[in-house]
Amino acid sequence: MIETFFGADALGTHAAFLVSLLIGVSFGVALERAGFGSSRKLSGIFYGTDMTVLKVMFTAVITAMLLILYSAAFGLIGFDSLYLMPTVYGAQAVAGILFGIGFVMGGWCPGTAAVGCASGKADAFLFLAGAAAGSILFNELYGVVKPLYSWGESGVQFVYASLGVTRVLFAFIFTAVAIGSFWMAEWVEKKISKTGYYLNSPFLWAFSIVFIAAAGGLLAAADAPAENREALREINAALTQPLMPGRTEQMIMEVMQEGRDHIEPEDLADRLMMGDRLLTLVDIRPKAEYDAFHIRGAVNIEPAGILQLLREKKNAGMIVLYSNGMTHPAQVRDALHRQGYRNVYILTDGLDGFVERCLKPASLRAAPVTDEEVSKIRAWREYFSGK
Amino acid sequence: MNRYMNPYLAGIMLGVTLFVSYLVLGSGLGASAGLARIAACIEGCVAPLHTQASEYFGAWGKNPLSYYLVFMFAGTAIGGLISAVAGGRAGVVLEKGKRFSAWKRAALALTGGAIVGFASRLGQGCTSGQALSGGALLLTGSLVFMMCIFAGGYAFAYIVRRQWHD
């Protein structure tokens, strides 16, 4: 497994700056050789005269996607060592539309304008000056646009999970769509500007077959990655051993007290009642105990099945584990943490605490209860125990 | 054929560059963040106290240029220059259609740039950082952003078509 600069929290080091500079050079050469140092060529995609942008960008996306997925399947990289940008539906939709308008007006985007400017294009220089001014404008208006900036904030979302298909299947379909769009682009160019040189060429045939085959091979290769088998072994160990070596009950309690990795029963109850879709509640007790009673909305996890469910939720939303007490879920949380899960929480005081603090009738409580709390307890009892 | 590289091979070169970035840096390619940090530096030189007190740029600290994407942005320009000189494509020119006024083209480039600069901050990235890098990881927001770029671009293309008329 490769340790990335991001994974080692070292993106701010001089070594990372040097690597970034070199990657930037390669990026700039690729853009320039593709013809993206010309605003006329870039704009061609919007008029059907030159579809180079589509061909280059879509090829780059599927190339990188397939290389990343193969690397993940063979345990070379883990998604936890990659920087995954959060999805903010509203902000990104509005930003995309604005960006598209600015792109077609100016004829550039920031990366290509850097290339154009360096090779002497005056319009690229003006575009960059405008973009710098636009960034400053954003900073000045930040107080006003903040609600828009976070509109539709949804954490890290993968499109295949959003659509309910597996990663490799989506990757295959995505590759097929890309190949289809390349043939279409060549056809459009032939119709509109009598170019489309690659339409039906041996090159495009070979290119298409290689990419479809690579995406198809992924379906077979990515079935049971080594990293998951290892993770499963560790989680099984955590579930069956009374205590992990080197980790005492006291240490667990210290982490708890810092409040970094637990959720209070009242908070959990409210989130569940609100129907928080980003929350996954996992009951890690044996199935018989789960069947007897569990918190409404929780799923029961047999150790063997835990990864299938959790892989989809890794670093997306919030995973809450509970058992009767706290020791047991803390061990599972630790095992998951070592696999790169950063969104696993434990229910404070476990199921016992949840019953005691949320479901116990107000009349049986030792401490005095305010009217507001009484109505809250009544609502919880109604929702969670049907009383 | 044309004097540029085969677009599919250029795409593979770009994709491999992106993959190497993920493999080594752990993050993808980016351009607008580097540019925005340069903008923050400029604003910081003009109005240091105001910039450091501002909520967005202020969070980048006293030296916003000390950031990996600033170096990547510089590298991109260097790579572009090397390739343009090697390919005999370097030279000062304002690209536009023959029948279109240079002043109008300059105004469009500047205005388009301003909109893109603003939109890149709003969407937390541009065609490089969001569409390309996030798209390769199949992140939902990045793909939404990419589709909306094309929607906005195609919707507006007709209005500014004359800048390319010869």
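In this report, the structure presented in the accompanying data block is examined. Computed from a predicted structure; not experimentally measured. (Residues numbered from 1 in each chain as written. Chains lettered and ligands numbered in written order. Predicted model: local features only at pLDDT ≥ 70, side-chain atom pairs only at ≥ 80, totals over all residues. Heavy atoms only, no water.)

**Quick notes on the environment of A:L31**
Looking at where A:L31 falls in the secondary structure, it is placed in helix α1 (residues 14-34). Looking at A:L31, the relative accessible area reads 4%, which means it is buried. Distance from A:L31 to A:V56, taken between C-alpha atoms, is 8.9 Å for residues 25 residues apart in sequence. Excluding its chain neighbours within four sequence positions, the residues that come into contact with A:L31 are A:F36, A:G37, A:G111, A:T112, A:V115, B:L14 and B:T76. (Helix = DSSP H or I, 4+ residues; strand = E, 2+ residues; numbered from the N terminus. Buried < 20%, exposed > 50% of the residue type's maximum accessible area, 1.4 Å probe, protein only. Contact = heavy atoms within 4.5 Å.)

**Let's talk about helix α2 (residues 39-47) of chain A**
Residues and elements named next belong to chain A. Within α2, seven of the nine residues are buried, leaving the element largely enclosed by the surrounding structure. Of the positions making up α2, those classed as buried are S39, K41, L42, S43, G44, I45 and F46. Looking one or two places after α2, you find G48, whose phi comes out positive at around 75°.

**Details of helix α4 (residues 89-106) of chain A**
All names here are of chain A. With 18 residues, α4 extends 25 Å between its outermost C-alpha atoms, agreeing within 8% with the 26 Å of an ideal straight helix rising 1.5 Å per residue. The element α4 is extensively covered by neighbouring structure, given that 13 of its 18 residues are classed as buried. Once α4 ends, the next one or two residues include G107, with phi positive near 85°. (Expected span 1.5 Å × (residues − 1).)

**Brief notes about the interface of chain A and chain B**
Taken together, the contact between chain A and chain B spans 123 residues of the former and 115 residues of the latter. With both sides pooled, the region where chain A packs onto chain B buries about 10,600 Å², and carbon together with sulfur makes up 74% of that total. Put simply, chain A and chain B have four salt bridges between them. The salt bridge partner of A:K146 is B:E55, with a shortest N-O separation of 2.5 Å. Between the two partners, chain A and chain B, sit 40 residue pairs in polar contact (both at pLDDT 80 or more). Residue composition of the side of chain A that touches chain B, by class: 82 nonpolar, 31 polar and 10 charged. (Buried area = accessible area lost by both parts, 1.4 Å probe. Salt bridge = Lys/Arg side-chain N within 4 Å of Asp/Glu carboxyl O. Polar contact = N/O pair within 3.5 Å; in protein donor to acceptor, adjacent residues only side chain to side chain. Nonpolar A, V, L, I, M, F, W, Y, C, P; charged D, E, K, R; others polar.)

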